[in-house]
Structures are given as structure tokens and as C-alpha cells.
Amino acid sequence: LRRCAELALVRFAPLLAAYVWQRQPFRLRYVPRRGETPAHIGGTTLFGDNVEDEWFIVYLLREITREFPGLAASIDDNDGEFLLIEAADVLPKWLNPENSENRVFFYKGELHIIPLSETPEQEWDLPAPCPTVPQALALLSTRSEEFLAAEPIRAAVYKRIDGYPEKIQASLHRARCYLPAGIVAVLRQRPSLVAAAVQAFYLRDPGDLRACRRPFRTFPAEQRVMTVVTFTRCLYAQLAQQKFVPDRRSGYTLPAPSHPQYRAHELGMKLAHGFEILCSKSSKVAPDAKRNVLSGPLWERFLRSLKEKDYFKGEMEGSAKYLELLHMAEDHFQQCVAVPESSVEVNPGDEILTLLQTTSFELKEFEREAASLPPEDDDSWLDITPDALDQMLKEARNESLPSTNEEEQQYDLETVAESMKAFVSKVSTHEGAEMPWSSDESHVTFDVDSFTKALDRILGADSEELDSDDLDEEEEFDFSDGDDEDSDAGNQRQEQKVSPEELVGSLKSYMDEMDRELAQTNVGKSFTTQKRAASSVEAATSESAGPDSGAEDAELAPVDVDMNLVANLLESYSAQAGLAGPTSNILQSMGVYLPKNTDLTGSSSRAAQ
């Protein structure tokens, strides 16, 4: 297993050496057997704010299982099975967080999901809701073709890792920074230390800044040169978007914002503060990196493998580009390959101080290089318009964008009403409500007999007698009546058998009576009622019947449910003022898009037409 981990890291060293990790690099270690879990190779990575690190590891594990067919890989994070979370919209109903453990694996480069043992037409019998690791591996090795995840699930997961390894270069950002020469020399040896410095500055506290309220001891501001630093987009955004004014005592001053090199001075100042904070936290003890790990047989095999895979891209040995690639390979080797299982992670401040002691540099050489620096990358990707954000969100949810041509947009208010009623008709549980994605699904049915039987059990002859607490409450509030006639009438009512038809008719009469009472209140008048076409004969008849009957007919006109529903939805949508809200969220989740709220004049003229 140790040899397998070494081969896997060497196989993907060209990708790993050029990658800048947010917090911790990808590592594989031998893990001895513990309980039912057999011996294996594994690792843990803190990815911090850059979620792309997590998905790059998913890509690496998939490719490792493809390159080494005898390996099966599983991965999770602090949210659990995040691969299933990514494919939540297309998962089978039986799969939930309680039974998903040891079911999701990459095997031979494909995603596999082991189904439940209760699933029909399956021959195996797993004794527990979740299989053990040995059981899962035995099933994968014998029936892997039957456990291949469904195409929609694989498509949802693979969409997040699509584009690697080319995506690595697209995630980098190169920017000019005005830095102390010592930092330039350190980054030449350990490019990955830029992540630790950005994190130190980004997550600083008042205690950290104490080291920056005096002239810098490790990286004074006097010997600064212009250079190009490679960040990830996440690191660059964290560094560039924070507002920070340096202490005057530090020696770092900024030119006017209109200065052409203002951004380079600002980035360099922030990065220098990060490096100074790291060095102020140094334990002052020489780290394990002092041991010469770059002269053993493991490093020789590692370097030989890199040359075989054309990692140096034909560069002449000793050239500047060759040395740059070699330093990146040494950095990766020391972080991921040569570190023993039991070692503690080295303090970045210790590494920086050690590199300063062991690295020699010439300030004039850096100044000559600054005269011919390559251009920096455009950072316009930091600015996202609201329309671009909406498009990104819709693409993430695999939604088709509505037409931008107003003539092609067909807004059907009946569709709005039907979608909302379909949503209300769906069964909901404590886990939430399901969206009615398909209009072909069967409607919710109402069983009258079951409903009346339930009411009969609650209100009819089968109801239990009141307990002592109920009687005490009646006496306390004087709800009980001591009249014998009322008691006799109550007993007679209990002895009577109420048929379902009579019960429904009684309920209907109660509802009609409530409608009559509500029709005369503000609540009843707030609803839009259905308009009835009346003939002249009917009008004459109603007039001869008296004014009260006509008023009663008007009051008891049926409520137009669809009209009230649509009117209230549009009123709520208008109150959102173009922002996200309950109406747009619910309707868009069902594929219904409302038009933008135009000016009232235009709306009223179109309504009149």
C-alpha cells in the first residue's frame, strides 16, 4: 500500500507540483487496520475557502482508480457524502444520509453506488442498513457493473470536475507585486507559501498586527523590487478585496491611487504583512526540513519519473525555466511524498526563516529581471453583473433561460395558477415539500368515506367520555349545564347513528352559513367573486323577490379562486421590487417565469386593451 501511494503521487506529480493549495496539499498515507476497516491508503485535506481544491481531489481520486484498477476510493467532507449532495435532484428515493455510508465509491474510473439489500431482484443480503467496508469491496469486485451509478447522477458529479487538468491553469492569476527581495527569493524556492501568507493576512487579528506596528524585522520595506506572483483566483480575490491601511511605523507607504503601479504596491504591502505575521509566529526551532530529503533513493525515483513523463518540457538542465520547475517539484516532494506518517505539519514561519538562511540572492539581479517582467493577468473576472450572476445560478441548476424577446414570451396566468395549486396539492413532510416537476403526475384524490369515518370517530358515537380534567375545566369556566333535558337530548344524540351523507350535508350547511356571515365582513369583501351573466328575465325575477334576496345572491357569489390566487401572487411579486422572494422562488422552481414589473402606466393601458 505504501508503494501504491508513492506510485500514485509520482504519476500525478506534474499536476500536483504546479497546483497552489489554499490550506493543505493532497496527501496519501498508509493507514493500518482498525476494527472492520482494513488497512488502506488515505488522507485528510483542509481546503478552506477554495472549494475547487475539494473538487480537484475528486478528480484525482477518479483518475487514480482509473490508473490503478485494483483500488476503490471513497470521499466525504464535513457535510457528509457531498457527491450525493451535488446530485441530490436525481438521486433515487431510497438513498438518504442515514443509509449512504460505505455505498458511494469510485472504481475503475467510474462512480458506483451500492443499492439497498431490500431492493428486489437482488441476490445478496447485507445484514446492516449500511454495508461494512469489506462487504462493499467484495460486492464491487464481483458485481461492479451492476452498481454503476445512473447516468444523471454521474453527469451531475462529472460536471463539477469537467475540464481538469486544463482547468488548473485557468484557476491561476498572475499579478505584479512590489515585494521585499527576501520574499521574492522565498517564493522562488517555495511558490506554495503564497497561500499561507495570504491566509495569515486575510485571517489576521489584533494580536497578529502587533508585529506590524514597528519596522519589519524580517522583511524591511527598504529593499523592494517589482515581481510577478502566481495566486489562485481565490487567494487573489481575498488579498485584493480587503481594505487595509499600513501602520506608519512599519515603513510601508502607498503611492496615490492614481499612480499606475498603485495596485502592485498595495498587493505587495498586504503580502509582506502576511509573511511578517508568519515569521512572528515562528517557534524559533529548526524544522524537520533541515534533513536532506532530496538526496535519497526516493527522490531519485521521483525525479526519474518526472523526466520520463516530460515534466520539464524539454528545458535545458540548469536553465531558468528548468530551475523553476525543479523548485516546484522539490516543494511538492517535501510536502506530499517525503513527509512521514507520524510527522507534525511544519510551521510556515519556520520554513520561511530556514529558506532565508539557506538561500542567497542578489538584489541587482532581481532589479534587472523587473525591467522585463511578463504582463499580468486581467482581473475583470472579479466584477460580475447581476445578469451574469442570474445566468450562472440558472446554469448551475440546469435551468433553461427564458427568452429575452418580449414577443416570444408567453405569460399564461392559468399556468401560474395551476402550478401553484399543484404545489399545494403535493404531499409534504418534516423533510420539506416536493416540487411538481411534471404536469403528467396523478392528482391528489380525496376519499370521502375515509374522511367521514375519521370525523365520526372524532365527533360521533365512538368518541370517548370526557376525563376528569375536562370536567374540571367545564366547571371552572361554567361551560357545563346542569339541565336534565339538555343531558337527555345529548344522550339521544349520542345514541343516534349519523350516516356519512348526513354528516357531509351538515358540514355543507355549516360552511354555507359561515359564507353568509363572512360575506358581510371586510374579509369576505376582499375576495374577487365570479361574475354571473344575468338575463333580463332573471333580473326582473330577482327584483320582484325583493332587495334582500338580490343582495344575498351577490354576497353568496362563488369566490374566483384562480383570480384571487394570481392577484395575490402578482402583488407579492411586485413587492419584491426585482429581488428574490417567495413568489419568484416557488414559481421558478417549477419552471414558471413572471415578466418584469413594468411602469404602472404601461401596465394599466395593456390591461384596458
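In this text the structure is predicted, and so the values were computed from the model without any measurement.

(A) Focus on the overall build of the protein. Scanning the protein for helices and strands turns up 27 helices and 9 strands. Within the span of the protein, comprising 609 residues, buried residues form 34% of the whole. Taking the intrachain contacts of the protein between residues at least 6 apart in sequence as the baseline, contacts between residues at least 24 apart amount to 76%. A total accessible area of about 38000 Å² is found for the protein, and carbon and sulfur atoms account for 52% of it.

(B) How the structure looks around the side chain of His273. Tracing the backbone through its elements, the reader meets His273 in helix α11 (residues 262–280). The exposure class assigned to His273 is buried, which follows from its relative accessible area of 1%. For His273, the contacting residues outside a window of four places in its chain are Phe201, Cys212, Phe216, Phe244, Pro246, Ser250 and Tyr252.

(C) Representation of empty space enclosed by the protein within the structure. According to the stated counting rule, one finds 1 cavity of 30 Å³ or more in the structure shown. Take the lining of the largest cavity: its biggest share by element is 3 residues, from strand β4 (residues 104–107). Among the residues forming the lining of the largest cavity, the class breakdown is 7 nonpolar, 1 polar and 1 charged.

(D) Just unusual backbone geometry, in detail. For the bond from Tyr164 to Pro165, the omega torsion is 5°, close enough to zero to count as cis. Structurally, Pro165 is set in the loop between α6 (151–161) and α7 (166–170). Backbone geometry places Asn102, a non-glycine residue, at a positive phi of 60°. Structurally, Asn102 can be placed in the loop between α4 (82–86) and β4.

(E) Layout of the nonpolar core. Judged by nonpolar contacts, the single largest core of 57 residues is most densely connected at Phe26, Phe56, Leu83, Leu111 and Phe302. With residues up to four places along the chain from it excluded, the contact list for Phe56 reads Leu15, Leu16, Tyr19, Trp21, Tyr164 and Ile168. In this structure, Val184, Leu235, Leu271 and Ile277 belong to the second largest nonpolar core, which totals 43 residues.

(F) The sheet that holds β4, seen in detail. In space, the 3 strands of this open sheet follow the order β3-β4-β5, with antiparallel pairing throughout. Both edges of this open sheet fall to β3 (72–73) and β5 (110–113), since each of them pairs with a single strand only. Strand contacts of helix α3 (residues 51–67): β3 and β4, with the helix running at about 55° to β4, the strand carrying the most contacts. Lying over the sheet, helix α5 (residues 133–143) contacts β3, β4 and β5, oriented at roughly 45° with respect to β4.

(G) Looking closely at helix α25 (residues 561–575). With 15 residues, α25 extends 21 Å between its outermost C-alpha atoms, agreeing within 8% with the 21 Å of an ideal straight helix rising 1.5 Å per residue. Burial in α25 covers these residues: Asn564, Val566 and Leu569.

(H) Layout of the confidence of the model for the protein. Of the residues in the protein, 74% reach a pLDDT of 70 or more, and the chain-wide mean stands at 78. Of the regions scoring below 50 in pLDDT, residues 403–408 engages in 3 contacts with residues more than four places distant in sequence or in other chains. The low-confidence segment residues 438–444, where pLDDT is below 50, has 2 contacts with residues more than four positions distant or belonging to other chains.

(I) Geometry of helix α12 (residues 297–308). For α12, spanning 12 residues, the distance from its first C-alpha to its last is 16 Å, which sits close to the expected 16 Å at 1.5 Å a residue. Contacts from the buried residues of α12 go to α1 (2–11), α2 (13–17) and α13 (320–337). Asp310 occupies a position one or two residues after α12 and carries a positive phi of about 60°.

(J) How the structure looks around the environment of Gly274. Its location among the elements puts Gly274 in helix α11. When its relative accessible area of 0% is taken as the criterion, Gly274 is described as buried. Taking the C-alpha atoms as reference, Gly274 lies 4.4 Å from Phe201; in sequence the two are 73 residues apart. Once residues lying within four places of it in the same chain are set aside, the contact partners of Gly274 are Ala197, Ala200 and Phe201.

(K) A look at the pattern of salt bridges. Scanning the entire structure with this criterion turns up 20 salt bridges. Several salt bridges converge on common partners, so that one network encompasses Glu52, Glu86, Arg160 and Lys167.

(L) Region of the structure containing the packing of α12 against α13. Contact pair α12 / α13: the axes reach a minimum separation of 11 Å and the direction vectors enclose 130°. Here α12 is positioned oblique relative to α13, judged by the angle of their axes. Judged by the sense of rotation from one axis to the other, the crossing of α12 with α13 is right-handed. Two secondary-structure elements touch here, α12 through Leu298, Trp299, Phe302, Leu303, Leu306 and Lys307 and α13 through Tyr322, Leu326, Ala329, Glu330, His332, Phe333 and Val337. Taken together, the residues that form the contact of α12 with α13 break down as 10 nonpolar, 1 polar and 2 charged.

(M) Up close: a nonpolar patch on the surface. Judged by side-chain polarity, Met511, Met514, Leu518, Val523, Phe527, Val559 and Val561 come together as a nonpolar surface patch covering roughly 620 Å² of accessible area. Sorting elements by how many residues they give to the nonpolar patch places helix α21 (residues 500–519) first, with 3 residues. On the secondary structure map, Val561 appears in helix α25. For Val561, a relative accessible area of 53% puts it in the exposed group.

(N) Fine view of the packing of α25 against helix α26 (residues 582–589). Running from amino to carboxyl end, α25 crosses α26 at an angle of 115°, the nearest separation of the two axes being 8 Å. Contacts between α25 and α26 involve Leu569, Ser572 and Tyr573 from the first element and Pro582, Thr583 and Ser584 from the second. Of the residues that constitute the contact of α25 with α26, the class distribution is 3 nonpolar, 3 polar and no charged.

Definitions and cut-offs
- Residues numbered from 1 in each chain as written.
- Predicted model: local features only at pLDDT ≥ 70, side-chain atom pairs only at ≥ 80, totals over all residues.
- Heavy atoms only, no water.
- Helix = DSSP H or I, 4+ residues; strand = E, 2+ residues; numbered from the N terminus.
- Buried < 20%, exposed > 50% of the residue type's maximum accessible area, 1.4 Å probe, protein only.
- Contact = heavy atoms within 4.5 Å.
- Areas by Shrake-Rupley, 256 points an atom, 1.4 Å probe, with all protein chains shown as cover.
- 1 Å grid on protein atoms, 1.4 Å probe; cavity = no way out; pocket = protein on both sides within 12 Å on 5 of 7 lines; lining within 4 Å.
- Points joined across faces, edges and corners; volume = space filled by probe spheres on them.
- Nonpolar A, V, L, I, M, F, W, Y, C, P; charged D, E, K, R; others polar.
- Core = buried A, V, L, I, M, F, W, Y, C linked by side-chain atoms within 4.5 Å.
- Pairing = 2+ DSSP bridges.
- Axes fitted to C-alpha atoms, helices over the stretch in contact; angles between N-to-C directions.
- Expected span 1.5 Å × (residues − 1).
- pLDDT = per-residue confidence, 0-100.
- Salt bridge = Lys/Arg side-chain N within 4 Å of Asp/Glu carboxyl O.
- Parallel < 35°, antiparallel > 145°, perpendicular 65-115°, else oblique.
- Left-handed = near helix turned anticlockwise from the far one by under 90°.
- Patch = residues over 30% accessible without salt bridge, like charges linked within 9 Å, V, L, I, M, F, W, Y side chains within 5 Å.

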